[in-house]
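Reading the structure
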There are 2 protein chains.
Amino acid sequence: MPDATTEAPLLGHEVLAAVLQVRAGSLQVLLWQRAREPHMHRWSLPGGRLRLDEDVEHSIRRQLKEKVDVRQLAHVEQLAVFSAPDRVPGPRMVASAFLGLVPSDNDPELPEDTRWHPVGDLPETAFDHQAIVRRARDRLRSKLSYTNIGFALAPPTFTVSALRELYSAALGYRVSATNLQRVLSRRGLLEPTGDTTRPGRSGGRPAALFRFADRGMQVTDPFAVLRPPAAKSR
Amino acid sequence: MPDATTEAPLLGHEVLAAVLQVRAGSLQVLLWQRAREPHMHRWSLPGGRLRLDEDVEHSIRRQLKEKVDVRQLAHVEQLAVFSAPDRVPGPRMVASAFLGLVPSDNDPELPEDTRWHPVGDLPETAFDHQAIVRRARDRLRSKLSYTNIGFALAPPTFTVSALRELYSAALGYRVSATNLQRVLSRRGLLEPTGDTTRPGRSGGRPAALFRFADRGMQVTDPFAVLRPPAAKSR
């Protein structure tokens, strides 16, 4: 019989979320400021301990409720497990980290200790939370290239020019509106609503409004050429 | 002060790996047969308990060593956390699941209790291991479409026809060799070695040999058109 304390230790398990939104032209993350040691005054990701009666997906949604109206989360997915033995001081704690996305037309009410911070200009963060934010940003950037995840950053309808601003902020470089429209339309992700912006709203001609064809995650398969004929139709 | 037993429970944490390989024309997974209750005689994924002095990545590599020569793993990545409260009988146990890939030219020596099983025709599996195998298969299939992950299924050099067999087995449908070569070459993933198979080996003309340009994971960005000019060159 192996020694249970070294062979089969019991550990704490916490869930954490990097909730991202494009705000004021930059990709931002929701952080709250710690009021206690350890890492007092540093900025933390929302989350907390996993309970015995819930899985990590239920736990993160329950805990995010304390910080933000979760109906405003258009997408939540597992990001990775962060499990370095020394990631937090004191007893061992493993973290299941999530990526959450809020569309740009929402402005959730926040508790007093909580604020949005540009991902590219973070304040002093607690524990390994900066690494988690970077991982979330990288996941979002990758998924913008091979999925329809843009739906979770965008309002229900938008002009191509507004969408270009969202993609540029999330990707961290200037995207061409023409290329963006071409790529997304070719993949069947984008469809015109048939409406336009009201004339004169932006001082120019009315612009066509678009929406994402699906508002649930799908891999937009550039390998479609390899798919069996039955699957090609969608 | 909240009640520590409900608010901040200590849990067991295990790591599990779905190690996949294309063998005899089908995608197969490495399973070992349990010799003890619970779920005696059912087939399980390799893995075990996380130790206090290791993170999940070190733990899975340590534990896989007991089943398979880990030098034969061309790729290992985190898959997901499986955390349903009742996923195993007895005390609560959270699992960090991994995907591992073995190139088709390896034939690892296995312990007596361990065998390859076709993913599409699994024996009776223990706990939630069938769901983990399915998730691993789906992750591999997705990544075949938007990354160069084929390198981890293929031998160092191969004919397009051999690569087509690997992709067809992993994807679960027949892939066209012409399309496969066109897609992978256009993305710069595939390069000719300059060599050919020996004449007559397959009873026909010698076939050109190829290799993957990189044998480390990269997202093969179909959105390259959106990249800044500096990044386009690679």
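Residues numbered from 1 in each chain as written. Chains lettered and ligands numbered in written order. Predicted model: local features only at pLDDT ≥ 70, side-chain atom pairs only at ≥ 80, totals over all residues. Heavy atoms only, no water.

1. Points about the overall build of chain A
Of the regular secondary structure elements, chain A holds 6 helices and 9 strands. Every one of the 234 residues in chain A was classed for burial, and the buried ones make up 48%. Sequence-distant contacts in chain A: of pairs separated by 6 or more residues, those separated by 24 or more amount to 65%. A total of about 11,100 Å² of accessible surface is found on chain A, and carbon and sulfur atoms cover 49% of it. (Helix = DSSP H or I, 4+ residues; strand = E, 2+ residues; numbered from the N terminus. Buried < 20%, exposed > 50% of the residue type's maximum accessible area, 1.4 Å probe, protein only. Contact = heavy atoms within 4.5 Å. Areas by Shrake-Rupley, 256 points an atom, 1.4 Å probe, with all protein chains shown as cover.)

2. Quick notes on the packing of aromatic side chains
Residue and element names in this part refer to chain A. Going through the model one piece at a time under the given rule, you end up with 3 aromatic pairs over all chains. With centroids separated by 5.5 Å and ring planes inclined at 50 degrees, the aromatic side chains of Phe158 and Phe212 adopt a geometry described as tilted. Residue Phe158 is located in the loop between helix 3 (129-146) and helix 4 (160-171), and its partner Phe212 is located in strand 9 (residues 208-212); the two are separated by 54 residues in the primary sequence. As far as burial versus exposure is concerned, Phe158 and Phe212 are alike and both buried. (Phe/Tyr/Trp six-rings, centres within 6.5 Å; stacked < 30°, edge-to-face > 60°.)

3. Notes on the confidence of the model for chain A
Reading predicted coordinates in detail is not appropriate for stretches of low pLDDT. Residues and elements named next belong to chain A. This prediction gives chain A a mean pLDDT of 89; 89% of its residues lie at or above 70. Ranking the helices and strands of chain A by mean pLDDT puts strand 3 (residues 43-44) first, with 98, and helix 6 (residues 229-232) last, with 44. Note that pLDDT drops below 50 for residues 1-6; the model gives that stretch 5 contacts with residues more than four away or on any other chain. Predicted confidence is poor over residues 228-234, with pLDDT under 50, and the contacts of this stretch with residues over four places away or in other chains come to 7 contacts. As a predicted assembly, this complex carries a pTM of 0.90 together with an ipTM value of 0.88. (pLDDT = per-residue confidence, 0-100.)

4. Side note on the pattern of salt bridges
All names here are of chain A. In this structure the tally under the stated criterion is 26 salt bridges over all chains. Salt-bridge contacts for Glu54 lead to Arg62; the nearest nitrogen and oxygen are separated by 2.7 Å. Here Asp113 ties to Lys67 by a salt bridge, and the two come within 3.2 Å at their closest N and O atoms. Residue Asp113 is found in the loop between strand 6 (93-101) and strand 7 (114-118), and its partner Lys67 is found in the loop between helix 2 (56-64) and strand 5 (75-82); the two are separated by 46 residues along the sequence. The exposure class assigned to Lys67 is buried, which follows from its relative accessible area of 13%. Taken together, the shared-partner salt bridges connect Glu14, Arg87 and Asp128 into one network. (Salt bridge = Lys/Arg side-chain N within 4 Å of Asp/Glu carboxyl O.)

5. A word on the UniProt feature "domain: Nudix hydrolase" (unreviewed entry) in chain A
Sites flagged by UniProt as "domain: Nudix hydrolase" (unreviewed entry) map to residues 11-140 of chain A. The span residues 11-140 of chain A shows a helical share of 16% and a strand share of 36%, and its end C-alpha atoms are spaced 30 Å apart. (UniProt positions renumbered as here; feature names shortened; annotations may be inferred.)

6. Some details on the environment of Val133 of chain A
All names here are of chain A. Following the sequence through the fold, Val133 ends up in helix 3. Taking the relative accessible area as the measure of exposure, Val133 reaches 0% and is therefore buried. Along the primary structure Val133 and Thr178 are separated by 45 residues, whereas in three dimensions their C-alpha atoms are 30 Å apart. If we skip the residues at most four places from it in the chain, Val133 touches Ala18, Val29, Leu45, Val119 and Leu122.

7. Section: the domain arrangement of chain A
All names here are of chain A. Taken domain by domain, chain A comprises domain 1 (12-139) and domain 2 (146-212). With centres defined by C-alpha atoms, the gap from domain 1 to domain 2 works out at 28 Å. Contacts between domain 1 and domain 2 engage 11 residues on the former and 10 residues on the latter. Taking both sides of the interface into account, the surface hidden between domain 1 and domain 2 amounts to around 910 Å²; carbon and sulfur atoms contribute 71%. Together, Val22, Leu101 and Ser104 form the three largest contributors to the area buried by domain 1 at its contact with domain 2, with a combined 41%. Counting every contact that joins domain 1 to domain 2 gives 0 salt bridges. When its residues are assigned to classes, the side of domain 1 that touches domain 2 shows 6 nonpolar, 4 polar and 1 charged. (Domains from an automatic or database assignment. Buried area = accessible area lost by both parts, 1.4 Å probe. Nonpolar A, V, L, I, M, F, W, Y, C, P; charged D, E, K, R; others polar.)

8. With respect to unusual backbone geometry
Trans is the prevailing form of peptide bonds, just as negative phi is the prevailing case for residues other than glycine. Going from Glu37 of chain A to Pro38 of chain A, the amide bond is cis rather than trans, its omega being -5 degrees. Among the structural elements, Pro38 of chain A can be located in the loop between strand 2 (26-33) and strand 3. Unusually for a residue other than glycine, His39 of chain B sits at a positive phi of about 60 degrees. Among the secondary structure elements, His39 of chain B is positioned in the loop between strand 2 (26-33) and strand 3 (43-44). Even without being glycine, Phe127 of chain B reaches a positive phi, approximately 50 degrees. One can find Phe127 of chain B in the loop between strand 7 (114-118) and helix 3 (129-146).

9. As for the side chain of Ser44 of chain A
One can find Ser44 of chain A in strand 3. Once residues lying within four places of it in the same chain are set aside, the contact partners of Ser44 of chain A are Leu30, Leu31, Trp32, Arg34, Ala126 and His129 of chain A.

10. Here we look at helix 5 (residues 177-186) of chain A
Residue and element names in this part refer to chain A. Considered for burial, the residues of helix 5 that qualify are Asn179, Leu180, Val183 and Leu184. Down the axis of helix 5, the sector holding all buried residues measures 115 degrees, keeping them to one side. Exposed residues on helix 5 whose side chains face more than 90 degrees from its buried face are Thr178 and Arg186. If you follow the buried residues of helix 5, they end up packed against helix 4 and strand 8 (190-196). Directly beyond the C-terminal end of helix 5, a positive phi value near 75 degrees is found at Gly188. (Arc of directions from axis to C-beta.)

11. Description of the environment of Met93 of chain A
Residue and element names in this part refer to chain A. As for its placement among the helices and strands, Met93 is situated in strand 6. Residue class for Met93 comes out buried when judged on its relative accessible area of 12%. Through-space distance from the C-alpha of Met93 to that of Val183 is 43 Å; in sequence the pair is 90 residues apart. Excluding residues within four positions of it along the chain, Met93 makes contact with Gly12, His13, Glu14, Arg49, Arg87 and Val88.

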